[in-house]
Amino acid sequence: MLHVLKNLDKFHIEGGRTAFFGKNGRLEVSIQASRVLSVFYIFDESIVPPKANVPYPGLVVDTPGDAGLVWDSFVERETEYELRHGGTKVLIHKETALLSVYEDGVLVHGGEIGHKDLVVPQYPLRVQEGAVPGSVRGKFNFRLEDGDAFFGLGEKTGNLNKRNRLFKLFNRDALGYDAASSDPLYKSVPFFMKVNRERGALCGLYFPNLQVEEVNFGVESMFYYDVVLAGGPFGYYVMTGHHYRDIISAYCRLSGMPALPPLFSFGYLTSSMGYTEPDNAQEKILEFFERVEKEGIPCEGMYFSSGYVKAGNGERYTFVWNREKFPNPGQFIRALRARGYRICCNVKPGILSSHPWYRHLAAAGAFIPDADGAPLKSYYWGGSASFIDFSRKEGFDWWVKALTEHILDKGVSGVWNDNNEFEIEDESLPIQACKKFLPVKMAQASFEALRKANPGKRPWLISRSGYAGLQRYARTWTGDNVSSYECFRFNIVMGMNLGLSGMPMYGHDLGGFVGPAPDEELLLRWCQSAVFQPRFVMHSWKPDGSITEPWIFPHRLDAIRRFIRERYRFLPYIYDLAIRASETGIPMESPVALEFPHDPSLSYECLDRMAGDAILVPGPPERGRTGAEIQFPSDADWFDPTSGILHRGGTHLEFDYPPDSLRYFFRCGTVIPTSLKVGSVGKTALDEYEFLVVPPADAGDVATCPIACIHSEDDGESDFVPGSYWRWRMAFETTPSGDAVLDIVRTQSALDADYRKYWRFTVPEGFLILDDESNAGGRSVEFRFQRAPEHLRLVLRGAYRTRRA
């Protein structure tokens, strides 16, 4: 039987919480924060069990609804209720319980679907009994407008704008996926943003629900989009704002801010099954590190694939080292660490039935049970296996203990949660109620083990699978991608979409994981594209046994070495972006069309993207081409450090972009921290900085400058808390004489007052930079500090070179 909430005729208001009562239940609307509302449809107990109205623990970590916020006004009319808070207005239709949200007078969410002459859903939510006895299904329908674009839902394929796509929200081991169309993949997030640039309307919806089944962005109808849920709670959070950053920050406050990984994890690392699978695994590993040292390539270490636990019978036994390959793993790992390299070990939640510990774990109740209470068995890695049940204390605690004893106590620095999609298809099993959250619980367990093994240090943890909340513990990557140019280009979009889903610490297997070995153009373009991305890792599994390494094309080694070294040069800037992401949820890499929403010339399908506020990275050309073009966003001016030329916002540039080159553009009015020492974090102190000062395009015109540059410094691995880091705010001002001034103010101080570092500020050709106190300077000005500077003022004079007509 179909049920709807309708005919609202009573209400109760208490502060910022409001309940509207009608036939079959009530609608609860509450202020969680400025521009953040919760909207929950609570049906009578005879329709939906009360326990189904509560979000699963861990899906919502911050609900500041009791922070004293109250509605500014409440009005009851004949057919509707009206609530206001700040610039947000909420209308609730009495007859249908339809909710509409307006921001500054613009409808951003809800509204009537279609018109009276159409056969479309009248009620925003309908529920009915599900296929499993005792379950209740629901379907939300929301108004769809011309110009609506959608982003989010986690790891999704195809174009950036997900309009006219239908997506499933469960996780799948998707080896060799089609990056244009496959669905689902490894990570699902029940959060998305809706943006309409023509109307100036944007909002985000977050469903704190493990039973979200599918989201349909207009495939079913041109008049509405819909969300299907296999169970409760039947509600969501709606977030509004003036920029997509407002929305993503609000979502991350609800589901948890991203964890900040250690600095070294943003450097170059490698991985391949070809290192740990062979019998001479230690020899292969040492050969790689000897080669990077010989070639002068900075490198932080290696992700160990699961070959290190592959037994003589070919089975992979989680946590059980193959002592034929690694006679003394602790000694070997610590010797690598002494050379400056760190190791991250692949671990899997599936325990094969032939595993030497299987019976013990079964007796201890550590496995997911079947309908009879015995360990559930599934096909996994070529055999029968049972999964650790991270929702139960027995499984969670065992994992923390075993991971510590058998991996971390050997000197291993990081943990790689892999093959953790928990693909359990029996819908009748109780584990289905929380199956989608198991990758997050696994991440939490690995996170806790790392914290205990290294007190006061930030965990190095990566997870292939996840759901909302994964970002609190782990970084991620786009799984087992394909060595093809199409996959490479779509991976750029997939990564940005992960950032728009609250997972900013992502990356890709450079060169592709499966398929044929990459050709030189593909490998060059992939590495070129990754210079400013959150992760730079080559990872491969090739049928011919080859490994994707910087030197597989000897005549291209110089180019790939240059890409890696350029990444290390910009590592302070990349790290600043990671810190910002951990504090705000704002992605490290983002599409230009969302960063500059008022410029209609910027397309969602364009692969040009912003790395933070300051650097515009052009998308790669089509395969086989070396010519590229870029449309400069109109809200800023842009400096080309390659040519030394200024480009005005709104102009178009065609330029040569061969695969062995690097091109990027700096936003005028920004400051970009770089390192003068180009070397791995494990071997090189980050103590010599060059700040690239990119003045406003017009002398003294600071009105067009973005928010101030926030630069932070710490030891790169300790907990990032007040007292552990220094921070400076760098902003442009104008003097009465019309000069631009860069004002630098320390806003945070580390407890350790010792600060022996070198700073150099450099400006483009045509400018001078002068210390306001000494008046010394030129194209650059330098400082050697014994203590962290509190305040500097640097005067800028001059002008850019411009492109001739």
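An account of the accompanying structure is given in this report.

Conventions we followed
- Residues numbered from 1 in each chain as written.
- Predicted model: local features only at pLDDT ≥ 70, side-chain atom pairs only at ≥ 80, totals over all residues.
- Heavy atoms only, no water.
- Helix = DSSP H or I, 4+ residues; strand = E, 2+ residues; numbered from the N terminus.
- Rg over C-alpha atoms; globule rule 2.2 N^0.38 Å.
- Buried < 20%, exposed > 50% of the residue type's maximum accessible area, 1.4 Å probe, protein only.
- Contact = heavy atoms within 4.5 Å.
- Areas by Shrake-Rupley, 256 points an atom, 1.4 Å probe, with all protein chains shown as cover.
- Lys, Arg positive; Asp, Glu negative; His and termini not counted.
- Charge placed at Lys NZ, Arg CZ, Asp CG, Glu CD.
- Phe/Tyr/Trp six-rings, centres within 6.5 Å; stacked < 30°, edge-to-face > 60°.
- Salt bridge = Lys/Arg side-chain N within 4 Å of Asp/Glu carboxyl O.
- Core = buried A, V, L, I, M, F, W, Y, C linked by side-chain atoms within 4.5 Å.
- Pairing = 2+ DSSP bridges.
- Axes fitted to C-alpha atoms, helices over the stretch in contact; angles between N-to-C directions.
- Expected span 1.5 Å × (residues − 1).
- Parallel < 35°, antiparallel > 145°, perpendicular 65-115°, else oblique.
- Nonpolar A, V, L, I, M, F, W, Y, C, P; charged D, E, K, R; others polar.
- 1 Å grid on protein atoms, 1.4 Å probe; cavity = no way out; pocket = protein on both sides within 12 Å on 5 of 7 lines; lining within 4 Å.
- Points joined across faces, edges and corners; volume = space filled by probe spheres on them.
- Left-handed = near helix turned anticlockwise from the far one by under 90°.

## Comments concerning the overall build of the chain
Here comes step 1: Within the chain, the secondary structure is distributed over 12 helices and 47 strands.
Here comes step 2: Against the compact-globule benchmark of 28 Å for 805 residues, the chain has a radius of gyration of 27 Å, which places it among compact chains.
Here comes step 3: Projected onto the principal axes, the alpha-carbon positions of the chain cover approximately 75 × 75 × 55 Å.
Here comes step 4: The buried share of the chain, reckoned over its 805 residues, is 63%.
Here comes step 5: Of the contacts formed within the chain by residues at least 6 apart in sequence, a portion of 68% connects residues at least 24 apart.
Here comes step 6: About 29200 Å² of surface is accessible on the chain, with carbon and sulfur atoms providing 49% of the total.
Here comes step 7: Across the chain, the mean location of the 89 positive side-chain charges is 2 Å away from that of the 102 negative side-chain charges.

## Digging into the packing of aromatic side chains
Here comes step 1: On inspection of all chains with the given rule, the structure shows 78 aromatic pairs.
Here comes step 2: Between Phe 150 and Phe 217, the ring centres sit 4.2 Å apart and the planes meet at 15°, which makes this aromatic pair stacked. Taken together, the residues Phe 150 in strand β12 (residues 149-154) and Phe 217 in the loop between β16 (212-216) and β17 (224-229) connect sequence positions 67 residues apart.
Here comes step 3: Look at Phe 217 and you get buried, because its relative accessible area is 0%.
Here comes step 4: A centroid spacing of 5.2 Å and a plane angle of 85° characterise the contact between Phe 632 and Phe 665, whose relative ring orientation is edge-to-face. Remark: Phe 665 occurs in strand β36 (residues 665-667) and Phe 632 occurs in the loop between β32 (627-631) and β33 (638-640); sequence separation between them is 33 residues.
Here comes step 5: When its relative accessible area of 0% is taken as the criterion, Phe 632 is described as buried.
Here comes step 6: What links up through ring pairs into an aromatic cluster is the set Tyr 41, Phe 140, Phe 142, Phe 150, Phe 167, Phe 192, Phe 207, Phe 217, Tyr 225 and Tyr 236.

## A closer look at the pattern of salt bridges
Here comes step 1: In the structure shown here, the tally under the stated rule is 55 salt bridges.
Here comes step 2: A salt bridge links Lys 187 to Glu 155, with the shortest nitrogen-to-oxygen separation between them at 3.1 Å. Here Glu 155 lies in the loop between β12 and β13 (166-168) and Lys 187 lies in the loop between β13 and β14 (188-196), a separation of 32 residues in the sequence.
Here comes step 3: One salt bridge connects Arg 793 with Glu 733, and the closest N-O pair in it is separated by 3.0 Å.

## Points about the nonpolar core
Here comes step 1: Judged by nonpolar contacts, the single largest core of 242 residues is most densely connected at Phe 304, Ile 615 and Phe 761.
Here comes step 2: For Ile 615, the contacting residues outside a window of four places in its chain are Phe 532, Phe 570, Tyr 573, Arg 609, Met 610, Tyr 664, Phe 665, Phe 666 and Ile 672.
Here comes step 3: With 9 residues, the next largest nonpolar core counts Phe 264, Leu 269, Trp 460 and Val 537 among its residues.

## A few points about the sheet that holds strand β8 (residues 99-103)
Here comes step 1: Overall, antiparallel pairing links the 5 strands, which are arranged β5-β6-β7-β8-β9 in an open sheet. Each having just a single partner strand, β5 (73-76) and β9 (106-109) make up the two edges of the open sheet. The average angle at which neighbouring strand axes cross in this sheet is 25°, direction not considered.
Here comes step 2: Note that strand β6 (residues 80-85) and strand β7 (residues 88-93) share 6 bridges and pair antiparallel. Of the residues in β7, the one forming a bridge with Arg 84 is Lys 89.

## Description of the pairing of strand β40 (residues 726-734)
Here comes step 1: Sheet topology places strand β39 (residues 709-713) next to β40; 5 bridges connect them, and they run antiparallel. Looking at the pairing, His 711 lines up with Trp 728 of β40.
Here comes step 2: The pairing of β40 with strand β41 (residues 740-748) spans 8 bridges and is classified as antiparallel. Directly across from Phe 732, in β41, lies its bridge partner Leu 742.
Here comes step 3: What sits between β40 and β41 in their antiparallel hairpin is a turn of 5 residues, with Gly 738 showing a positive phi close to 100°.

## Some points on helix α7 (residues 438-453)
Here comes step 1: With 16 residues, α7 extends 22 Å from end C-alpha to end C-alpha; this agrees with the ideal 22 Å at 1.5 Å per step.
Here comes step 2: Most of α7 is tucked away: 12 of the 16 residues are buried.
Here comes step 3: Residues of α7 that are buried include every one of Leu 438, Pro 439, Val 440, Lys 441, Met 442, Ala 443, Gln 444, Ala 445, Ser 446, Phe 447, Ala 449 and Leu 450, and no others.
Here comes step 4: Buried residues belonging to α7 abut β21 (342-347), α6 (393-406), β25 (414-417) and β26 (460-463).

## Things to note about the packing of helix α10 (residues 557-569) against helix α11 (residues 571-584)
Here comes step 1: Across the interface, α10 lies against α11 with an axial gap of 5 Å and an inter-helix angle of 60°. The angle between α10 and α11 places the two elements in the oblique class. From α10, Arg 567, Tyr 568 and Arg 569 reach across to α11, where they touch Leu 571, Pro 572 and Ile 574.
Here comes step 2: The class makeup of the residues in the contact of α10 with α11 is 4 nonpolar, no polar and 2 charged.

## Points about the layout of surface pockets
If a probe as big as a water molecule is rolled over the atoms, it shows which places are left empty.
Here comes step 1: Roughly 1200 Å³ of internal volume is contained in the largest pocket.
Here comes step 2: As for the largest pocket, its lining consists of 43 residues, of which Gln 211, Ala 230, Gly 231, Gln 432 and Ala 433 are closest to the centre.
Here comes step 3: Of all the secondary-structure elements, those providing two or more residues to the lining of the largest pocket are β11 (136-143) and β16.
Here comes step 4: Considering every element that reaches the lining of the second largest pocket, the biggest residue donor is strand β23 (residues 378-380), with 3 residues.
Here comes step 5: Each residue belonging to the lining of the second largest pocket can be placed in one class, and the counts come to 11 nonpolar, 6 polar and 7 charged.

## Overview of the packing of helix α9 (residues 520-529) against α10
Here comes step 1: For the pair α9 and α10, interaxial distance at closest approach is 9 Å and the crossing angle is 15°. The orientation of α9 relative to α10 falls into the category roughly parallel. Relative to α10, α9 is oriented so that their crossing is left-handed. Taking contact as the criterion, the partners of Leu 523, Leu 524, Cys 527 and Gln 528 in α9 are, on α10, Ala 559, Ile 560 and Phe 563.
Here comes step 2: Of the residues in the contact of α9 with α10, the class split is 6 nonpolar, 1 polar and no charged.

## A look at the sheet that holds strand β22 (residues 350-352)
Here comes step 1: Pairing within the open sheet is antiparallel, and its 3 strands lie in the order β22-β24-β23. Taken across any chain shown, the strands that pair with only one partner, and hence form the sheet edges, are β22 and β23. Neighbour-to-neighbour, the strand axes of the sheet open up by a mean angle of 55°, direction not taken into account.
Here comes step 2: Where β23 meets strand β24 (residues 383-387), 3 bridges bridge the pair, whose relative direction is antiparallel. Across the sheet, the residue bridging to Ser 378 is Ala 385, located in β24.

## Section: the side chain of Asp 389
Here comes step 1: Mapped onto the elements, Asp 389 comes out in the loop between β24 and α6.
Here comes step 2: No salt bridge is formed by the buried Asp 389. Its closest oppositely charged neighbour is Arg 392, at 4.1 Å.
Here comes step 3: When neighbours within four sequence positions are excluded, Asp 389 is seen to be in contact with Ala 366, Phe 367, Ile 368, Pro 369, Gly 395, Phe 396, Ile 431 and Leu 438.

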